Amino acid sequence: VAPILIALDRLDEARAETDRFLRDYPQDAAARLSAADIAFAARDMKEAAVHLAAILKDDPAHRRALNQTARLLVMLRRPTDAVPIYRRLVADRPDDGAALAQYVRLLRTTGRAAEAQAVLDDWAARAPLDPQLLLATLANLSAHRFLPQALELAQHALQRQPDAPGARRFAVSLAIQLGHP
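From a predicted model like this one, the values you see are computed outputs, not experimental measurements.

**Student:** So what exactly am I meant to see when it comes to the environment of Leu33 here?
**Tutor:** The topology assignment puts Leu33 in helix H3 (residues 29-41). The contacts of Leu33, once residues within four sequence positions are left out, are Leu52, Ile55, His62, Arg64 and Ala65.

**Student:** Mind showing me how you'd approach the pattern of salt bridges here?
**Tutor:** Working definition: two side chains of opposite charge can pair if their charged atoms are close together. The final tally for this structure, using the stated rule, is seven salt bridges. Between Glu115 and Arg87 there is a salt bridge, with the nearest N and O atoms lying 3.2 Å from each other. Of this pair, Glu115 sits in helix H8 (residues 113-126) while Arg87 sits in helix H6 (residues 79-92), and the two are 28 residues apart along the sequence. Across the salt bridge formed by Arg88 and Asp92, the nearest N and O atoms sit 3.9 Å from each other. Note that Arg88 and Asp92 are positioned in helix H6 at a spacing of four residues, about one turn of the helix. A relative accessible area of 33% places Arg88 in the partly exposed class.

**Student:** When you look at the packing of aromatic side chains in this model, what are you seeing that I'm missing?
**Tutor:** In this description, an aromatic ring pair is defined by two values, namely the gap between the centres and the angle between the planes. The final tally for this structure, using the stated rule, is one aromatic pair. Measuring from centroid to centroid gives 4.8 Å for Phe21 and Tyr25, while their planes differ by 35 degrees, and the two rings are tilted. Residue class for Phe21 comes out partly exposed when judged on its relative accessible area of 37%. One cation-aromatic arrangement involves Arg71 over Phe40; the distance from NZ or CZ to the ring centre is 4.0 Å.

**Student:** Sorry if this is basic, but what is going on with the nonpolar core here?
**Tutor:** Ranked by internal contacts, the top residues of the largest apolar core, which has 32 residues, are Leu52, Tyr86 and Tyr103. Where this core is concerned, the elements lending two or more residues are H3, helix H4 (45-58), helix H5 (63-75), H6, helix H7 (97-109) and H8. Those residues within four positions of Leu52 in sequence are excluded, and the remaining contacts are Leu33, Ala36, Phe40, Ala65, Gln68, Thr69 and Leu72. Grouped together as the second largest cluster of nonpolar side chains are six residues, Leu5, Ile6, Leu11 and Ile38 included.

**Student:** What is the right way to read the environment of Ala65 from this model?
**Tutor:** Residue position: Ala65 is located in helix H5. Note on Ala65: relative accessible area 0%, which makes it buried. For the pair Ala65 and Ala53, spaced 12 residues apart in sequence, the C-alpha separation works out to 8.2 Å. When sequence neighbours within four positions are dropped, the list of residues in contact with Ala65 reads Leu33, Leu52, Ile55 and Leu56.

**Student:** Please explain the packing of H5 against H6 as it appears in this structure.
**Tutor:** Any two packed helices are characterised by the angle at which their axes cross and by the distance between the axes. At a minimum axis distance of 8 Å, the contact between H5 and H6 shows a crossing angle of 155 degrees. When the interaxial angle is binned, H5 and H6 end up roughly antiparallel. Every pair of crossing elements has a handedness; the one defined by H5 and H6 is left-handed. Two secondary-structure elements touch here, H5 through Arg63, Leu66, Asn67, Thr69, Ala70, Leu73 and Val74 and H6 through Pro79, Asp81, Ala82, Ile85, Tyr86, Arg88, Leu89 and Asp92. Residues belonging to the contact of H5 with H6 are distributed by class as follows: nine nonpolar, two polar and four charged.

**Student:** Looking at this structure, how should I read the packing of H7 against H8?
**Tutor:** Contact geometry of H7 with H8 gives a least axis separation of 7 Å together with a crossing angle of 160 degrees. Between H7 and H8, the angle is such that the two are roughly antiparallel. When you trace H7 past H8, the crossing you get is left-handed. Across from Gly97, Leu100, Ala101, Tyr103, Val104, Leu107 and Arg108 in H7, the residues of H8 making contact are Ala113, Glu115, Ala116, Val119, Leu120, Trp123 and Arg126. Looking at the contact of H7 with H8, its residues break down into 10 nonpolar, one polar and three charged.

Parameters and conventions
- Residues numbered from 1 in each chain as written.
- Predicted model: local features only at pLDDT ≥ 70, side-chain atom pairs only at ≥ 80, totals over all residues.
- Heavy atoms only, no water.
- Helix = DSSP H or I, 4+ residues; strand = E, 2+ residues; numbered from the N terminus.
- Contact = heavy atoms within 4.5 Å.
- Salt bridge = Lys/Arg side-chain N within 4 Å of Asp/Glu carboxyl O.
- Buried < 20%, exposed > 50% of the residue type's maximum accessible area, 1.4 Å probe, protein only.
- Phe/Tyr/Trp six-rings, centres within 6.5 Å; stacked < 30°, edge-to-face > 60°.
- Lys NZ or Arg CZ within 6 Å of the ring centre and 35° of its normal.
- Core = buried A, V, L, I, M, F, W, Y, C linked by side-chain atoms within 4.5 Å.
- Axes fitted to C-alpha atoms, helices over the stretch in contact; angles between N-to-C directions.
- Parallel < 35°, antiparallel > 145°, perpendicular 65-115°, else oblique.
- Left-handed = near helix turned anticlockwise from the far one by under 90°.
- Nonpolar A, V, L, I, M, F, W, Y, C, P; charged D, E, K, R; others polar.

Now the structure itself:
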């Protein structure tokens, strides 16, 4: 119920439902995650941290709690502290495109361009047609102002896979930036 109430921006009701459930089941990870989501929505980072820490105390490998903890660190302007969490998430599940994309983004944000490129190269060797890899690579090239190369990659991807998610948007944006018709 809480995720629906959060989506409807009925945070007080969501919090009441989650609190009621947590009174009976204080170690329930799903309820704790809902409580953390409510805290994020209310911009209460301290409360979010409390719930995430409780989950990780019981299950240090809880993927969603680790992901949310990294998100929290980024929101607190501590992206460097989030990097090891994503390194762990990627090491545990190297096929998780969303985690890989976020890891590359964090590496780039924290000034580790060479490491970001190495992760992209490794990912490309394992899954060359992964759409999230394509978008992460395009973002990496664009961030480093390799716009012609990024446009060429986007156009190549569209030739191979015309419905590649996000590639068309990237290609159009890059073409505009480069002044191409």
